[in-house]
Protein chains: 2
Amino acid sequence: MTAKPQYLTGDIAAINEFIDQFDVFLLDCDGVLWSGDHVFEGIPETIKLLQSKGKRTVFVTNNSTKSREEYLKKFTKLNIPSTVEDIFGSAYSASIYISRILQLPPGKSKVFVIGEIGIEKELDSENVPHIGGTDPELRRDITPADFEGLANGSLLDPEVGVVLAGLDFHFNYLKMAHGFHYLKRGAKFLATNIDSTLPMHHDFFLGAGSSMAPLVTAWGQPPLALGKPSQAMLDAVEGKFQLDRSRTCMIGDRLNTDIKFGVDGKLGGTLHVQTGVDKKEAWEKEDAIAVPRFYVEKLSDLLLAKE
Amino acid sequence: MTAKPQYLTGDIAAINEFIDQFDVFLLDCDGVLWSGDHVFEGIPETIKLLQSKGKRTVFVTNNSTKSREEYLKKFTKLNIPSTVEDIFGSAYSASIYISRILQLPPGKSKVFVIGEIGIEKELDSENVPHIGGTDPELRRDITPADFEGLANGSLLDPEVGVVLAGLDFHFNYLKMAHGFHYLKRGAKFLATNIDSTLPMHHDFFLGAGSSMAPLVTAWGQPPLALGKPSQAMLDAVEGKFQLDRSRTCMIGDRLNTDIKFGVDGKLGGTLHVQTGVDKKEAWEKEDAIAVPRFYVEKLSDLLLAKE
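Since this is a predicted model, take the numbers as computed values, not measurements.

Undergrad: Looking at this structure, I do not really get the relation of the copies chain A and chain B. What am I missing?
TA: One copy of the chain maps onto the second through a rotation around an axis plus a translation along that axis. Superposition record for chain A on chain B: RMSD 0.0 Å, screw rotation 180°, translation along axis 0.0 Å. Here the copies are linked by what is in effect a two-fold axis.

Listed below in structure tokens is the structure:
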């Protein structure tokens with residue numbers, strides 16, 4: 001039996017007690033800090049408040065379209081203080097997994113990317129060779145010659161040992177057909193993350209799990225997903241900071257990624273916000289995939305601690 | 001307990017007996033007659049043989065990329081004798097379902113198409129208004145203005161009451177995002193068919209079920225599929241020919257579409273060929289989705305009956 005989550009909104013004493021019991025806050029971005037390019041009101045002030053109280057704020061996002069460097073630019077533009085070291089994207093997590101954990105046999109060390117530039121930059125940062133991705137040659141309609149060259153293998157790079165898929169705003173039949181034929185020839189199937197939807201403009205669009213769905217459906221097997229709730233991502237964060245998990249709190253909007261990530265990782269706390277994909281009704285259900293320890297309406301409700 | 005399928009290849013007596021017990025043969029196309037644009041050896045002769053024995057040959061295909069008229073051109077080019085009346089595609093089946101069975105409320109009568117020109121032509125033949133499909137305006141990258149216009153609804157046609165998806169070689173984020181937002185606004189979700197793979201060049205590529213998978217994953221619910229094995233398609237065939245089901249045989253390569261279609265429709269027989277997606281190992285398994293009554297290596301094995 002899981003204890004009922006504690007509601008913090010409007011309760012100064014509870015908020016102060018909540019903040020005091022943690023040294024590190026891991027924060028999801030989409031649906032917590034912003035929706036697409038729209039930052040939620042009070043977010044920069046809330047992050048500054050936590051930092052002013054000596055807390056470390058680490059941003060842990062499943063969105064793989066940006067590299068850590070690009071995320072830093074977005075944070076700076078939105079007036080949210082951070083450093084590259086305090087940003088963990090699923091593209092970075094996947095790149096670390098490929099370069100440091102996965103033992104690719106010689107001659108099979110290349111990654112075929114289905115995704116945006118964020119994945120390519122993080123693979124570069126780990127010196128992992130890759131093809132596909134943002135290559136303009138793959139951003140076009142499939143032709144009869146492509147069908148033939150994929151079927152007979154002449155269009156395939158024999159050194160590809162991994163297909164890595166993430167959110168791709170440019171997915172098309174040609175890229176997916178390449179990925180499918182690499183998988184049929186034995187490549188491992190990895191994903192940065194498999195979130196089905198993406199919060200943007202106070203609405204939802206297709207997330208990584210949807211953008212790679214043609215490949216998953218054709219192949220008939222899901223990829224190994226390396227973003228939240230995969231503990232590979234928490235291991236990467238912990239490896240960098242030597243976290244005390246009992247003094248760490250995960251803040252997020254999704255039960256199946258953020259809250260499950262914190263619960264599975266045995267963190268001291270999890271905080272659920274109502275500004276993204278899942279609302280409290282999701283964890284009130286008996287078969288909820290994960291239940292948070294705390295919840296607020298919106299992250300900036302923590303600003304009460306200021307007063 | 002299902003009886004073991006009878007093997008006909010090389011057995012003249014069994015082949016003659018098989019042919020004699022049916023008046024109508026329903027034939028799948030991809031994987032039975034051809035793989036992509038490669039017609040299998042002996043197919044034209046086999047169809048002519050059946051016709052010369054007074055049998056009706058009806059082509060029942062889940063491939064929605066071509067209209068019946070376009071299929072006829074392909075048949076003629078490949079020297080397979082047929083008429084438009086003897087061709088049933090899933091685009092035609094879906095169009096009949098929308099125009100004659102589905103009662104769309106006034107002001108919600110338009111169809112948003114994700115698919116190729118075959119679907120558009122068959123909707124035209126039933127006078128169903130449609131948008132999307134092959135519209136070149138949707139064959140491009142999604143822009144920030146698209147995200148905003150889809151979220152606020154300004155880019156959506158309020159008269160769309162159905163999203164109809166089929167095999168689309170030009171699927172992209174923009175089309176899928178349109179489909180997703182129509183579904184969120186209450187449109188019904190239909191599919192011509194949901195085959196996950198497509199036989200081509202003696203290999204497999206992404207089928208309709210894979211090409212529409214981004215929408216299915218984002219929406220979280222599958223569409224109502226109107227191709228095989230949906231009995232809506234058999235009802236359409238029967239409505240045209242007043243078939244005697246006990247004297248009708250379905251010929252195909254897939255258990256979950258072709259053979260199940262014939263079994264569910266209580267046809268007199270089903271014949272499984274080994275030239276497409278499923279091999280005999282698939283129905284030898286205990287949990288096979290459907291088991292044929294007869295099987296051959298390839299359709300042209302029936303040519304023995306000539307002798």
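There's plenty left to go through after this.
Undergrad: Explanation requested: the domain arrangement of chain A in the structure shown.
TA: Frequently, the measure chosen for interface size is the accessible area removed from exposure when the parts meet. Residue and element names in this part refer to chain A. Parsing chain A into structural domains produces domain 1 (6-62 + 229-306) and domain 2 (92-225). With 16 residues of domain 1 at the contact, the number on the domain 2 side is 14 residues. Summed over both sides, the interface of domain 1 with domain 2 buries roughly 1,200 Å², with 54% coming from carbon and sulfur. Counting across the domain 1 and domain 2 interface gives 1 salt bridge. Taken together, the links from domain 1 to domain 2 amount to 9 residue pairs in polar contact (both at pLDDT 80 or more). It is helix α10 (residues 231-241) that contributes the most residues to the side of domain 1 that touches domain 2, 4 residues altogether. By residue class, the composition of the side of domain 1 that touches domain 2 is 5 nonpolar, 8 polar and 3 charged.

Undergrad: It is not clear to me how the UniProt feature "binding site: Mg(2+)" (unreviewed entry) in chain A should be interpreted in this structure. Could you clarify?
TA: Residues and elements named next belong to chain A. Within this numbering scheme, the UniProt entry marks Asp28, Asp30 and Asp253 as carrying the feature "binding site: Mg(2+)" (unreviewed entry). Across 226 residues, the annotated set stays spatially compact, with a maximum C-alpha separation of 8.4 Å. Considering only the annotated residues already named, the ones lining the second largest cavity are Asp28, Asp30 and Asp253. With respect to the element layout, Asp28 can be found in the loop between β2 (24-27) and β3 (34-35).

Undergrad: I'm lost on the pairing of strand β12 (residues 203-206) of chain A in this one. Help?
TA: Both faces of the sheet carry side chains from a regular strand, because those side chains alternate between them. Residues and elements named next belong to chain A. As paired elements, strand β11 (residues 197-200) and β12 share 4 bridges and run antiparallel to each other. Within β12, the residue paired with Pro199 across the bridge is Phe204. The hairpin turn running from β11 into β12, its antiparallel successor, is 2 residues long, and His201 in that turn takes a positive phi close to 50°.

Undergrad: For this particular structure, what's the right way to read the environment of Lys110 of chain A?
TA: Inspection of the secondary structure puts Lys110 of chain A in strand β7 (residues 110-114). Distance from Lys110 of chain A to Ile131 of chain A, taken between C-alpha atoms, is 7.3 Å for residues 21 residues apart in sequence.

Undergrad: Would you mind showing me how to read empty space enclosed by the protein here?
TA: Gaps left between atoms show up when a probe the size of a water molecule is rolled over them. Residue and element names in this part refer to chain B. Under the counting rule described, the total for this entry stands at 2 cavities of 30 Å³ or more. Quantified by volume, the largest cavity comes out at close to 180 Å³. Lining the largest cavity are 19 residues, and of these Asp30, Asn62, Asn63, Asp195 and Arg254 lie nearest its centre. Those elements giving two or more residues to the lining of the largest cavity turn out to be β11 (197-200) and α11 (255-264).

Undergrad: Looking at this model, I keep getting lost on the packing of helix α6 (residues 144-151) of chain A against helix α7 (residues 173-184) of chain A. Mind explaining?
TA: Each pair of packed helices can be described by the angle between their axes along with the distance between the axes. All names here are of chain A. Remark: α6 packs on α7, axes separated minimally by 10 Å, with the N-to-C direction vectors making an angle of 10°. Taken together, α6 and α7 sit at an angle that is classed as roughly parallel. Here α6 contributes Asp146, Phe147, Leu150 and Ala151 to the contact with α7, which in turn contributes Tyr173, Leu174, Ala177, His178 and His181. Across the contact of α6 with α7, the residue classes tally to 6 nonpolar, 2 polar and 1 charged.

Undergrad: How do you make sense of the interface of chain A and chain B when you look at a structure like this?
TA: On the chain B side, the residues contacting the 34 residues of chain A number 33 residues. Taken together, the two surfaces of chain A and chain B that pack against each other cover about 2,900 Å², and 70% of this comes from carbon and sulfur. When the area that chain A buries against chain B is broken down by residue, the three leading residues are Tyr173, Phe205 and Leu206 of chain A, summing to 24%. Linking chain A to chain B there are 2 salt bridges. Scanning the region where chain A abuts chain B turns up 11 residue pairs in polar contact (both at pLDDT 80 or more).

Undergrad: Is there a simple way to think about the UniProt feature "binding site: substrate" (unreviewed entry) in chain A in this case?
TA: All names here are of chain A. Mapped onto the present numbering, the UniProt feature "binding site: substrate" (unreviewed entry) falls at Lys228. Mapped onto the elements of the fold, Lys228 is located in the loop between β13 (224-225) and α10. Relative accessible area serves as the criterion here: at 3%, Lys228 is assigned to the buried category. Once residues lying within four places of it in the same chain are set aside, the contact partners of Lys228 are Asp28, Val60, Thr61, Asn62, Met233, Met250, Thr257, Asp258 and Phe261. A polar atom in the side chain of Lys228 sits 2.8 Å from the backbone oxygen of Val60.

Undergrad: Help me understand unusual backbone geometry, please; the structure alone is not making it clear to me.
TA: Negative phi values dominate among residues other than glycine, just as trans dominates among peptide bonds. Following Lys228 of chain A, the chain continues to Pro229 of chain A via a peptide bond in cis, the omega torsion being 5°. Note on placement: Pro229 of chain A falls in the loop between β13 and α10. Not every positive phi belongs to a glycine, and His201 of chain B is a case in point at roughly 50°. Its location among the elements puts His201 of chain B in the loop between β11 and β12 (203-206).

Parameters at a glance
- Residues numbered from 1 in each chain as written.
- Chains lettered and ligands numbered in written order.
- Predicted model: local features only at pLDDT ≥ 70, side-chain atom pairs only at ≥ 80, totals over all residues.
- Heavy atoms only, no water.
- Least-squares fit on C-alpha atoms with pLDDT ≥ 70 in both.
- Domains from an automatic or database assignment.
- Contact = heavy atoms within 4.5 Å.
- Buried area = accessible area lost by both parts, 1.4 Å probe.
- Salt bridge = Lys/Arg side-chain N within 4 Å of Asp/Glu carboxyl O.
- Polar contact = N/O pair within 3.5 Å; in protein donor to acceptor, adjacent residues only side chain to side chain.
- Helix = DSSP H or I, 4+ residues; strand = E, 2+ residues; numbered from the N terminus.
- Nonpolar A, V, L, I, M, F, W, Y, C, P; charged D, E, K, R; others polar.
- UniProt positions renumbered as here; feature names shortened; annotations may be inferred.
- 1 Å grid on protein atoms, 1.4 Å probe; cavity = no way out; pocket = protein on both sides within 12 Å on 5 of 7 lines; lining within 4 Å.
- Pairing = 2+ DSSP bridges.
- Points joined across faces, edges and corners; volume = space filled by probe spheres on them.
- Axes fitted to C-alpha atoms, helices over the stretch in contact; angles between N-to-C directions.
- Parallel < 35°, antiparallel > 145°, perpendicular 65-115°, else oblique.
- Buried < 20%, exposed > 50% of the residue type's maximum accessible area, 1.4 Å probe, protein only.

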